[in-house]
Every structure is written in structure tokens, then in C-alpha cells.
Amino acid sequence: MSPDSYLVGLIGSGIGPSLSPALHEREADRQGLRYLYRLIDIDTLGVAPERTGELVRSARDMGYDGLNVTHPCKQQVLAHLDALSPQAEALGAVNTVVFEGDLAIGHNTDATGFAASFARGLPDAPLERVVQLGAGGAGAAVAHAVLALGAGRLTVLDALPDRAAALAASLNHHFGSGRAAAADLLDIAAQTASADGLVNATPIGMAAHPGLPLPADLLHPGLWVAEVVYRPLETALVRTARALGCPTLDGGGMAAYQAADSFRLFTGREPDTARMLADIGDLTSAH
């Protein structure tokens with residue numbers, strides 16, 4: 001393909017509603033690029049997440065320039081890459097793969113995407129004590145971002161306690177002892193009662209996983225609430241928290257910023273993040 005022509009894709013489960021194709025292709029159109037963004041849905045293909053590596057190899061062999069990777073493949077893909085960026089290695093999760101010749105290089109734009117969105121949407125939010133739900137691929141990236149933003153202590157809760165414990169240990173190794181802890185989901189009431197903020201890094205709230213990731217009565221006006229899910233943009237969590245008077249951050253900003261960072265990695269060109277943020281609002285209101 002010519003330098004002005006790109007073929008990229010997204011590997012994940014239930015990704016039909018994803019706005020990534022439209023976000024990337026709109027920005028490419030504005031820059032005069034030929035840019036095709038394909039969905040590689042493991043549900044549609046009938047492929048288990050453990051076969052993510054085969055999909056990556058097939059894409060490389062078919063001439064793709066790169067891939068985005070989403071739930072539940074962000075950690076599955078690690079073993080099938082030739083190299084990792086320092087951030088992806090620290091996170092233990094990849095959401096962007098760039099093909100350089102025969103090499104597949106893993107990156108993570110979720111962490112930078114969340115950090116940029118948080119700084120824009122909740123610039124004055126207190127960060128002494130933060131509770132995060134979810135310790136998967138997105139959770140690892142968001143947790144790193146929260147601590148990098150200056151959180152005093154981050155407590156991680158996950159349906160898989162060992163996964164939460166492993167993430168907390170990794171965070172303490174990276175940021176210093178005592179910055180992160182894992183807690184049992186049964187302890188969620190006590191954790192949220194004393195927290196400054198809550199981050200939802202689980203898939204609960206997505207169109208395919210509707211509902212709230214915690215009991216609504218645990219939300220209180222002294223708690224800011226940040227969401228990773230962006231389809232729908234107003235999840236049940238954001239809607240409920242906003243009605244209670246909580247400062248809220250939807251997942252749209254993270255989606256736009258991480259897409260911009262991936263676009264930069266795929267093309268070597270500078271995206272217009274302001275336009276991509278506007279695209280998110282436009283695309284979500286149109287669906």
C-alpha cells in the first residue's frame with residue numbers, strides 16, 4: 001500500500017457498536033488518506049479469545065498496517081507480539097498493535113486516553129482515595145493513569161480477586177509501596193463510602209452488558225464518577241450518578257483520545273483531537 005493508504009482493524013468481542021471505524025475514517029478523510037478500518041469480531045467468527053494471536057498473524061499476513069485490540073483480548077495478545085512499548089509492558093495490556101515489516105509491536109493508548117480525558121473533564125477532582133471496579137486490560141491502563149495523575153491511594157475490586165491482587169502488586173512495584181490495594185467486592189460499600197472518586201473499568205454499562213456495576217445506593221454526592229464505557233455515552237452509572245449530584249466523566253473523551261493516539265501510531269500523522277472529540281458527540285447522538 002502507498003503511504004497515503006492504510007488498512008487497520010479492531011479485534012474484540014461484541015464490537016459491532018464500536019465507533020472506532022468512524023472515528024479513524026473521518027479523521028483520515030479530513031487528512032486526504034485512504035483508510036479502511038475493519039471489525040474482526042471474535043463472536044461473529046466463533047473464535048475464542050485464546051486465538052487472538054492467530055488473528056494478529058492473519059492480519060499481518062493480509063497486509064494490515066495495524067490493529068486495535070479490545071475486550072477480552074488486550075491481555076491475550078501479549079504473548080503473540082514481538083515487542084512492547086515501555087507503557088504496554090508496564091501495564092501488561094495492549095490495545096494497539098503496529099506492524100513494522102514482519103514485527104508486531106504492542107502499544108497502549110488507553111492509559112494516555114483516560115488521563116487526557118480526565119484532565120479535561122474533571123480537572124479539579126480530589127484524588128486522595130479512589131476506588132476502581134475492574135482489573136482487566138482496560139482496568140490496568142486506567143489504574144496506571146489514575147496513579148500517574150496523582151491519586152494518593154487506589155483500591156481495585158474485581159470479580160476475580162486474584163486479578164485485582166495482581167494488578168495492585170504491579171501498581172505498587174511501579175508507583176511505590178502503598179499506592180494501590182486490592183479489596184473484596186463484598187467490601188464495596190465501605191470502600192465507596194470513604195472514597196473521593198469511583199472509576200468503572202468493567203464492561204457493565206455497555207449495550208451488550210446493561211446495568212450498574214454496583215448498587216445505586218452506594219453512590220453519594222461526595223463521589224466523582226468516571227466511566228470507561230462510551231456506548232452508550234450516558235451509561236446507567238453516569239445517569240444515576242449525575243442525578244445524585246456527583247461530578248461525572250463519560251467514556252467519550254477516553255475513546256476519542258485513545259483513537260487519536262492510535263491513529264498517530266498507525267499513520268505517523270498528527271490527528272486533530274478537538275475534531276475527534278466533536279466526532280464522538282456527533283456519532284453518539286446519531287445512534
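Computed from a prediction, not measured in an experiment: that's the story for all the values here.

The helix and strand inventory of the chain stands at 11 helices and 12 strands. Against the globule reference of 19 Å for 287 residues, the chain gives a C-alpha radius of gyration of 18 Å, in line with a compact fold. With the principal axes as the frame, the chain shows a C-alpha extent of 55 × 40 × 35 Å. A total of 287 residues make up the chain; the buried ones form 52% of that total. Here the contacts in the chain between residues at least 6 apart in sequence split such that 69% fall between residues at least 24 apart. When the accessible surface of the chain is totalled, it reaches about 11900 Å², and 53% of it is carbon and sulfur. Each charge class in the chain can be summarised by its mean position, and for the 19 positive and 31 negative side chains these summaries are 3 Å apart.

Another aspect to go through is the environment of Val225. Assignment of secondary structure puts Val225 in strand E11 (residues 224-227). The spacing of Val225 and Glu50 is 175 residues in sequence and 33 Å in space, taken between C-alpha atoms. Filtering out sequence-adjacent residues up to four positions away, Val225 remains in contact with Leu198, Leu219, Leu237, Ala241, Cys246, Pro247, Thr248 and Leu249.

The next thing to look at is the sheet that holds strand E8 (residues 153-157). Strand order across the open sheet formed by six strands is E9-E8-E7-E10-E11-E12, with parallel pairing between neighbours. Both outer strands of the open sheet, strand E9 (180-182) and strand E12 (248-249), are each paired with one neighbouring strand and no more. By the bridge criterion, two bridges tie E11 to E12 in an arrangement that is parallel. Pairing of Ala226 across the sheet is with Leu249, part of E12.

Here helix H11 (residues 273-285) spans 19 Å end to end across 13 residues, near enough to the 18 Å set by a 1.5 Å rise per residue. Where H11 is concerned, the buried positions are Met276, Leu277, Asp279, Ile280, Leu283 and Thr284. Projected down its long axis, H11 carries its buried residues within an arc of 155 degrees, all on one side. Every exposed residue of H11 that faces more than 90 degrees away from the buried side is listed here: Ala274 and Ser285. Against helix H1 (20-30), helix H5 (110-121) and helix H10 (252-267) lie the buried residues of H11. In this structure Asp272 caps H11, since a side-chain oxygen of it lies 3.1 Å from the backbone nitrogen of Ala274.

Quick look at the environment of Leu39 now. Structurally, the position occupied by Leu39 is in strand E2 (residues 34-41). Exposure remark for Leu39: the relative accessible area of 37% places this residue in the partly exposed category. Sequence separation between Leu39 and Ala201 is 162 residues; the distance between their C-alpha atoms is 22 Å. Each residue touching Leu39, except ones within four places of it in the same chain, is listed here: Leu10, Ile15, Gly16, Ser18 and Pro21.

Moving on to the packing of aromatic side chains. One pass over the structure, following the stated rule, counts four aromatic pairs. Summarising the aromatic geometry, the rings of Tyr6 and Tyr35 are spaced 6.0 Å apart at their centres and angled 45 degrees between planes, so their arrangement reads as tilted. Within this pair, whereas Tyr6 is found in strand E1 (residues 5-12), its partner Tyr35 is found in strand E2, the two being separated by 29 residues in sequence. Judged by relative accessible area, which is 9%, Tyr35 ranks as buried. Centroid distance Tyr35 to Phe263: 5.5 Å. Interplanar angle 25 degrees. Geometry classified as stacked. Of this pair, Tyr35 sits in strand E2 while Phe263 sits in helix H10; the two residues are 228 residues apart in sequence, bridging distant segments of the chain. With respect to burial, Tyr35 and Phe263 carry one shared label: buried.

Next up on the list: the nonpolar core. Membership of the largest hydrophobic core comes to 29 residues, with the highest contact counts inside it found for Phe114 and Trp224. Only H5, helix H6 (137-148), E8, helix H7 (161-175) and E11 provide two or more residues apiece to this core. The greatest single-element share of this core, amounting to seven residues, is contributed by H6. Apart from residues no more than four positions distant in its own chain, Trp224 is found in contact with Phe118, Leu122, Ala125, Pro126, Leu127, Val130, Asp196, Gly197, Leu198, Val199 and Pro247. Val47, Ala59, Cys73 and Val77 belong to the second largest nonpolar core, which has 19 residues in total.

Moving on: unusual backbone geometry. Residue Pro72 follows His71 across a cis peptide bond; omega there is 5 degrees. A cis amide bond, omega 5 degrees, links Arg231 with the succeeding residue Pro232. Within the secondary structure layout, Pro232 lies in the loop between E11 and helix H9 (236-243).

Calculation notes
- Residues numbered from 1 in each chain as written.
- Predicted model: local features only at pLDDT ≥ 70, side-chain atom pairs only at ≥ 80, totals over all residues.
- Heavy atoms only, no water.
- Helix = DSSP H or I, 4+ residues; strand = E, 2+ residues; numbered from the N terminus.
- Rg over C-alpha atoms; globule rule 2.2 N^0.38 Å.
- Buried < 20%, exposed > 50% of the residue type's maximum accessible area, 1.4 Å probe, protein only.
- Contact = heavy atoms within 4.5 Å.
- Areas by Shrake-Rupley, 256 points an atom, 1.4 Å probe, with all protein chains shown as cover.
- Lys, Arg positive; Asp, Glu negative; His and termini not counted.
- Charge placed at Lys NZ, Arg CZ, Asp CG, Glu CD.
- Pairing = 2+ DSSP bridges.
- Expected span 1.5 Å × (residues − 1).
- Arc of directions from axis to C-beta.
- Polar contact = N/O pair within 3.5 Å; in protein donor to acceptor, adjacent residues only side chain to side chain.
- Phe/Tyr/Trp six-rings, centres within 6.5 Å; stacked < 30°, edge-to-face > 60°.
- Core = buried A, V, L, I, M, F, W, Y, C linked by side-chain atoms within 4.5 Å.

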